[in-house]
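Listed below are the residues making up each chain.
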Amino acid sequence: MTPPSDHAGAVLTIDLDAIASNYRQLDERLGKTACAAVVKADGYGLGIAPVARALAEAGCASFFVATIEEGIELRAILPEAEIAVLNGAPAEAVDEVARHGLIPVLNGPDQIEAWRAYIERAGASLAILHCDTGMARLGLTQSELEALCAAGAEGIPFRCVMSHLACADDPAHPLNGEQLALFQDARARLGRRFGPSPASLANSSGIFLGPAYHFDLARPGVALYGVNPTPGQPNPMAEAVQLQGKIIGLREIDRAMTVGYGATHRVTRGSRIATVAVGYADGFLRSLSNRAYGYIGTVRVKMVGRVSMDLTTFDVSALPPEDVRPGTMVTLIGRKHPIDALAAEAGTTGYEILTSLGRRYERRYVGD
Ligand SMILES: *Cc1c(COP(=O)(O)O)cnc(C)c1O
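Residue numbering note: each chain is counted from 1, following its sequence as written. At least 70 in pLDDT is required for a residue's local features to be given in this predicted model, at least 80 for side-chain atom pairs to be given and counted, and no such filter applies to totals for whole chains, interfaces and linings, which use all residues. In computing side-chain values, all of the structure's heavy atoms are included and hydrogens and water are not.

Re the sheet that holds strand β6 (residues 102-106)
Point 1. If DSSP finds at least two bridges between two strands, the strands pair. Numbering goes from the N terminus for both helices and strands, where a helix is a DSSP run of H or I of at least four residues and a strand is a run of E of at least two. If you trace the seven strands from one edge of the open sheet to the other, you get β3-β4-β5-β6-β7-β8-β9, paired in parallel fashion. Each of the sheet's edge strands pairs with one partner strand only, and the pair in question is β3 (37-38) and β9 (199-200).
Point 2. Here β3 pairs with strand β4 (residues 62-65) via two bridges, running parallel. Paired with Val38 across the strands is Phe64, a residue of β4.

Here's the deal with the domain arrangement of the protein chain
Point 1. In this document the domain limits rely on a domain assignment from an automatic tool or a database. Examined at the domain level, the protein chain breaks down into domain 1 (31-225) and domain 2 (241-366).
Point 2. Just the C-alpha atoms count here: the centres of domain 1 and domain 2 sit 39 Å apart.
Point 3. In total, about 780 Å² of surface goes out of reach between domain 1 and domain 2, with carbon and sulfur atoms giving 63% of it.
Point 4. Think of a salt bridge as a Lys or Arg side-chain nitrogen and an Asp or Glu carboxyl oxygen that are within 4 Å of each other. Counting across the domain 1 and domain 2 interface gives zero salt bridges.
Point 5. N or O atoms closer than or at 3.5 Å make up a polar contact, with two conditions inside protein: a donor-capable atom paired with an acceptor-capable one, and, for residues adjacent in sequence, both atoms drawn from side chains. Counting the contacts that link domain 1 with domain 2 gives two residue pairs in polar contact (both at pLDDT 80 or more).
Point 6. Considered class by class, the residues forming the side of domain 1 that touches domain 2 number six nonpolar, three polar and no charged. A 1.4 Å probe defines the accessible area here, and the buried area is the portion of it lost by two parts on being joined, summed over both. Amino acids are sorted into nonpolar (Ala, Val, Leu, Ile, Met, Phe, Trp, Tyr, Cys and Pro), charged (Asp, Glu, Lys and Arg) and polar (every other residue, Gly among them).

What about the pattern of salt bridges?
Point 1. Scanning the model with the defined rule gives nine salt bridges in all.
Point 2. Among the salt bridges present, the one from Arg121 reaches Asp95, with a minimum N-O distance of 2.9 Å. Taken together, the residues Arg121 in helix α6 (residues 109-122) and Asp95 in helix α5 (residues 94-99) connect sequence positions 26 residues apart.
Point 3. Think of it in three bands: with a 1.4 Å probe and only protein chains considered, a residue is buried below 20% of the maximum accessible area for its type, exposed above 50%, and partly exposed in between. By relative accessible area, Arg121 is classed as exposed at 53%.
Point 4. One salt-bridge network, held together by shared partners, links Glu146, Asp185 and Arg189.

Some thoughts on the site of the ligand
Point 1. Only heavy atoms are used to decide nearness, and a residue is near a molecule or strand if one of them lies within 4 Å of it. Taken together, 14 residues sit near the ligand, with Lys40, Tyr44, Ser204, Gly221 and Tyr351 positioned nearest.
Point 2. A distance of 2.8 Å separates an oxygen atom of the ligand from a polar atom in the backbone of Gly221.
Point 3. Within the side chain of Tyr351, one N or O atom sits 2.5 Å away from an oxygen atom of the ligand.
Point 4. Isolated, the ligand exposes 390 Å² of accessible area, and the fraction of that covered by the protein chains is 93%.
Point 5. Judged by the proximity of its atoms to the pocket grid, the ligand belongs to the largest pocket. With residues, only the protein chains shown are counted as cover, and all accessible areas are computed by Shrake-Rupley using a 1.4 Å probe. Lining residues are defined by having an atom within 4 Å of a point belonging to a cavity or pocket. Those points lie on a 1 Å grid over the protein atoms alone, cavities being sets where a 1.4 Å probe fits but cannot get out and pockets being open sets with protein on both sides within 12 Å along at least five of seven lines. Whether a molecule sits in a cavity or pocket is decided by its atoms, more than half of which must lie within 2 Å of the grid points.

A word on the layout of surface pockets
Point 1. One number sums up the size of the largest pocket: a volume of about 770 Å³.
Point 2. Considering the residues around the largest pocket, the lining is formed by 36 residues, among which Lys40, Tyr44, His164, Asn203 and Tyr351 are closest to the centre.
Point 3. Every element with two or more residues in the lining of the largest pocket is listed here: α2 (40-44), α9 (204-207), α10 (339-346) and α11 (350-356).
Point 4. The element that contributes the greatest number of residues to the lining of the largest pocket is α10, accounting for three residues.
Point 5. Classifying every residue of the lining of the largest pocket gives 19 nonpolar, twelve polar and five charged.
Point 6. Structurally, the lining of the largest pocket is a two-domain feature, drawing no fewer than three residues from each of domain 1 (31-225) and domain 2 (241-366).
Point 7. Grid points are joined across faces, edges and corners, and a volume is the space filled by probe spheres set on the points. Here the second largest pocket defines a volume of roughly 300 Å³.
Point 8. Taken together, 14 residues make up the lining of the second largest pocket; nearest its centre are Val241, Gln242, Thr331, Gly334 and Arg335.
Point 9. Listed by contribution, the elements that provide at least two residues to the lining of the second largest pocket are β1 (10-15) and β11 (241-252).
Point 10. When the residues that make up the lining of the second largest pocket are grouped by side-chain class, the tally is four nonpolar, six polar and four charged.

Printed below as a string of structure tokens:
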């Protein structure tokens, strides 16, 4: 690789071709079901503008973001795309949502009422109706759904009816089937009352639960970015992220001593410790302390001691000194050590690793 600019302590490389090919792979797997892309939280930390453009070029026409701010940002990037806002719109924001051509996900009776009032003022405008089937987070409860069917929601054109799976990454979990049944029931009830509308249930892992979960529109996020949607099985997705940290300090240990804050790792005379310019302020989580691995070329090296704010330390004793110098890059995320491996070492998920990726990294977009 090109060496990083002198001041960069780490290089984050984002492969837009891999993201585009992941989109096409999911789209193909879905057959007739349309494939949207979830690009909330700045495209899962990878940069909403390049990511959304790459996805649009790969054929994606529908996007989901979490917040209205994200929707407005994406509207400026993709003037023609369909953009839905998962967190919905409170009454005071409906005009702004409509002005930017965003589709609100209506998550409760108050949001439904606010959108209905907007339509009465300004004319029909699409919305998505969210029914909760097992998250207890957002979306109509069973009784709110019954009340809606009794009272009527005429006048709101529904782009689709949606729900969200709680355990899709665990195909054996009984909640998957329960949520599917509740969703089908909600959809049937709404259909009888207001006429048929398309349906959307599957996130990334939901797509791999099989065609019964696909309906009309799928909403993958994390799989597009290379995280394994089928934990415990080989990853069907292409890795899209590489993170390399630069060694800025190197020492031969000349007496038995400990490494880093809290003195949590002991080294003997003759060990060699490399200090890398990546820390928890960059999203290299502190829970990786004494647990993470990196690669120098093809050699695996262990992170030792605590992760500090701006630095981490690796034991490089096993490598010949000529292979490890100030400026040598340590691969922290890459083909040999994917996001899922780092997430397991940190005791978290690929979602949190991605959305924690730091702002100090030199970001390079390749492909596209
Ligand atoms: C984040 C989110 C998704 C995407 O989930 P992934 O697991 O990243 O594929 C889909 N639907 C809803 C409602 C979400 O909040």
